[in-house]
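Single-letter residue listing:
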Amino acid sequence: MNRRDWMKTLGAACLVGARHGVPLHGAPLQGEDAPSATTSSTALETEIVRLQLRHTWTTTMSSSAYRDTLYVRFTRDGITGHGEGAPIVRYQENAAGARQAAESVRDLVTAADPWEFEKLHAEIAHCLSGQYAAQTALDIALMDWVGQKLGIPLYRYFGLDPNDAPITTFSIGIDTPAITRQKVREAESFPVLKIKVGLDTDEATIAAVRSVTRKPLRVDANEGWKNKEEAVRKINWLATQGVEFVEQPMPAQMLEETRWVHERVHLPLIADEACQHAGDVPKLVGIFDGVNVKLDKAGGILEAFEMIQIARALGLRTMLGCMVSSSVSVTAAAHLSPLVDYADLDGNLLIANDPFSGVSVKNGKLLLPHGPGLGLRPAEKIS
Ligand code: MG
């Protein structure tokens, strides 16, 4: 089939989903909790799971005590792949919309050959434009299924050595100095911390951290500094505070201002919000020194893998990050972590009700599970 015929077929596939009455944006589904439609041996189930945060989580973007995340289960031939996608408010996503989006491609996904996951990934991305959490949950579930079916962990599928997995930072959200000090003490076993800044409390936050520990810090401004002179002043001050690099100092669209900042500071700058997809990476050369890749903003494991490879080819440093998520999504990212220079894969450590266990952390080092696929196990119940 040539590309034109394929795209025509693809349009029809998206319409099949739409005919089943599942709008991508709009009112919640009717009978939302009804059992999933099933082909002879293939099933797709979706669910919204509420993750309770250990601490209220505050960045320049938002503040919350819980996060709703999309879970997807893809079952075929008696094997179930698990997937998760965290809706990102910055991209106008929410859990209900993400679930509707995943449901809208049910016919496409259950009718497809999961071994042709590369093509299926492209078809899903085409049908679910702008719905990254749904894309991510489906992609992770399919890749978990593929790994389980092959009987190998995903890191092995990608040809990676799990011993190369880096240490992960533990993130400290924006808070009062007293609570910041408490969080830093709780994170004692992590050799490097990531500190959220970007408000007018930045100096007080760093001072609170430094009153408790001398360990290296990585700082994330989450686009918080709107003025290039302010960004230069703060970054050069952070360089005196044992900071290794600064993530996304200015708003993503202010690339020329960020280039101006980059020429005047001595700390590496890492792009996060400015780098969502593989196609974003080349334009960042000369403005940033590296990119923070996240499955949830990219649309899954395959797109994240491509982003990392492009960044490496362009001489950029690479980092894997995550949203507040359970072990499903964080473990999926961790399977790619032997490829990257830095990891910030602590989303599962920030929540109190993780339904699974997968990747674990010992003295900051990521320990990948060796079971097939993601290698997930149900979390042990604490009575
Ligand atoms: Mg960030």
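Residues numbered from 1 in each chain as written. Predicted model: local features only at pLDDT ≥ 70, side-chain atom pairs only at ≥ 80, totals over all residues. Heavy atoms only, no water.

**Q** Now, about the overall build of the protein chain: what can you tell me, with residues and values included?
**A** Helix and strand counts for the protein chain come out as 13 helices and 15 strands. Counting the 383 residues in the protein chain, one finds 57% classified as buried. Pairs at least 24 residues apart make up 70% of the contacts formed inside the protein chain by residues separated by at least 6 positions. If you sum the accessible surface of the protein chain, you get close to 15,800 Å²; carbon and sulfur atoms cover 52% of it. (Helix = DSSP H or I, 4+ residues; strand = E, 2+ residues; numbered from the N terminus. Buried < 20%, exposed > 50% of the residue type's maximum accessible area, 1.4 Å probe, protein only. Contact = heavy atoms within 4.5 Å. Areas by Shrake-Rupley, 256 points an atom, 1.4 Å probe, with all protein chains shown as cover.)

**Q** Break down the coordination of the magnesium ion for me, with residues and values.
**A** Within the protein, the atoms that donate to the magnesium ion are Asp220 (OD), Glu247 (OE) and Asp272 (OD), at distances of 2.1 to 2.3 Å. For the magnesium ion, all donor residues lie on one chain, and their spacing in sequence is D-x26-E-x24-D. One end of the pair, Glu247, is in strand β7 (residues 243–247); the other, Asp272, is in the loop between β8 (269–271) and β9 (290–294), and 25 residues separate them in sequence. Both residues of the pair, Glu247 and Asp272, count as buried. (Donors = N, O, S within 2.8 Å, 3.2 Å for Na, K, Ca; no water.)

**Q** Pulling in residues and values, what's your account of the sheet that holds strand β1 (residues 42–58)?
**A** Sheet strands associate in pairs through backbone hydrogen bonding, adopting either a parallel or an antiparallel arrangement. A sheet is described by the order of its strands in space; here 3 strands give the open sequence β1-β2-β3, paired in antiparallel fashion. Taken across any chain shown, the strands that pair with only one partner, and hence form the sheet edges, are β1 and β3 (79–85). Across the sheet, the axes of successive neighbouring strands diverge by a mean angle of 25 degrees, strand direction being ignored. As judged from the 13 bridges shared by β1 and strand β2 (residues 63–76), these two strands associate in the antiparallel manner. Counted as the bridge partner of Leu44 is Phe74 from β2. (Pairing = 2+ DSSP bridges. Axes fitted to C-alpha atoms, helices over the stretch in contact; angles between N-to-C directions.)

**Q** Help me get a handle on the nonpolar core, residues and values and all.
**A** Core analysis: the biggest nonpolar cluster contains 105 residues, and Leu138, Ile195, Ile301 and Leu345 have the highest contact counts within it. Of all the elements, helix α5 (residues 132–150) adds the most residues to this core, at 10 residues. Residue assignment places this core across two domains, with domain 1 (3–151) and domain 2 (156–381) each supplying three or more. Those residues in contact with Leu138, other than ones at most four positions away along the chain, are Leu44, Val72, Ala102, Val105, Val109, Ile124 and Leu128. (Core = buried A, V, L, I, M, F, W, Y, C linked by side-chain atoms within 4.5 Å. Domains from an automatic or database assignment.)

**Q** Describe empty space enclosed by the protein, with residues and values.
**A** The tally for this structure, following the rule as stated, stands at 1 cavity of 30 Å³ or more. For the largest cavity, the calculated volume is near 50 Å³. Contributions of two or more residues to the lining of the largest cavity are made by α4 (117–127) and α5. The element contributing the most residues to the lining of the largest cavity is α5, with 5 residues. When the residues that make up the lining of the largest cavity are grouped by side-chain class, the tally is 6 nonpolar, 2 polar and 1 charged. (1 Å grid on protein atoms, 1.4 Å probe; cavity = no way out; pocket = protein on both sides within 12 Å on 5 of 7 lines; lining within 4 Å. Points joined across faces, edges and corners; volume = space filled by probe spheres on them. Nonpolar A, V, L, I, M, F, W, Y, C, P; charged D, E, K, R; others polar.)

**Q** Can you break down the pairing of β2 residue by residue, with the values?
**A** Relative to β3, β2 runs antiparallel, the two sharing 7 bridges. Bridged to Phe74 within β3 is Gly81. Between the antiparallel neighbours β2 and β3 lie 2 residues, among them Asp77 with a positive phi of about 55 degrees.

**Q** Summarise α4; cite the residues concerned and give the values.
**A** Each α-helix turn comprises 3.6 residues. Residues three or four places apart therefore point the same way. Buried residues of α4: Phe117, Leu120, His121, Glu123, Ile124 and Cys127, and no others. One face of α4 carries all of its buried residues, which in axial projection span an arc of 165 degrees. (Arc of directions from axis to C-beta.)

**Q** Any details on α5? Residues and values, ideally.
**A** Between its first and last C-alpha atoms α5 spans 27 Å; for 19 residues at 1.5 Å apiece the expected length is 27 Å, and the two agree. By the criterion of burial, α5 is predominantly enclosed, with 16 of the 19 residues buried. Where α5 ends, the next residue or the one after it, Gly151, has phi of about 75 degrees, a positive value. (Expected span 1.5 Å × (residues − 1).)

**Q** Let's hear about unusual backbone geometry: which residues, and what values?
**A** The phi torsion at Gln248 lies on the positive side, around 40 degrees, for a residue other than glycine. Within the element layout of this structure, Gln248 appears in the loop between β7 and α10 (255–262). Judged by its relative accessible area of 0%, Gln248 is buried.

**Q** Requested: an account of the pairing of strand β5 (residues 193–196), with residues and values cited.
**A** Of the two faces of β5, both are covered, the one formed by Leu193 and Ile195 as well as the one formed by Lys194 and Lys196. Relative to β5, strand β4 (residues 170–172) is paired through 3 bridges, and the arrangement is parallel. Paired with Ile172 across the two strands is Ile195, which belongs to β5. You can see the chain leave β4, run along helix α7 (residues 177–186) and come back into β5, and the turn it takes is right-handed. As paired elements, β5 and strand β6 (residues 217–220) share 4 bridges and run parallel to each other. Of the residues in β6, the one forming a bridge with Lys196 is Asp220. At this point the chain moves from β5, through helix α8 (residues 202–210), to the parallel β6, and the crossover so formed is right-handed. (Right-handed = clockwise from strand over helix to strand, strands pointing away.)

**Q** Describe a nonpolar patch on the surface, listing the residues and the values that go with them.
**A** Where nonpolar side chains cluster on the molecular surface, the patch consists of Trp115, Leu150 and Tyr157 and spans about 280 Å² of accessible area. Tracing the backbone shows Trp115 in the loop between α3 (106–111) and α4. Since its relative accessible area comes to 39%, Trp115 is described here as partly exposed. (Patch = residues over 30% accessible without salt bridge, like charges linked within 9 Å, V, L, I, M, F, W, Y side chains within 5 Å. Salt bridge = Lys/Arg side-chain N within 4 Å of Asp/Glu carboxyl O.)

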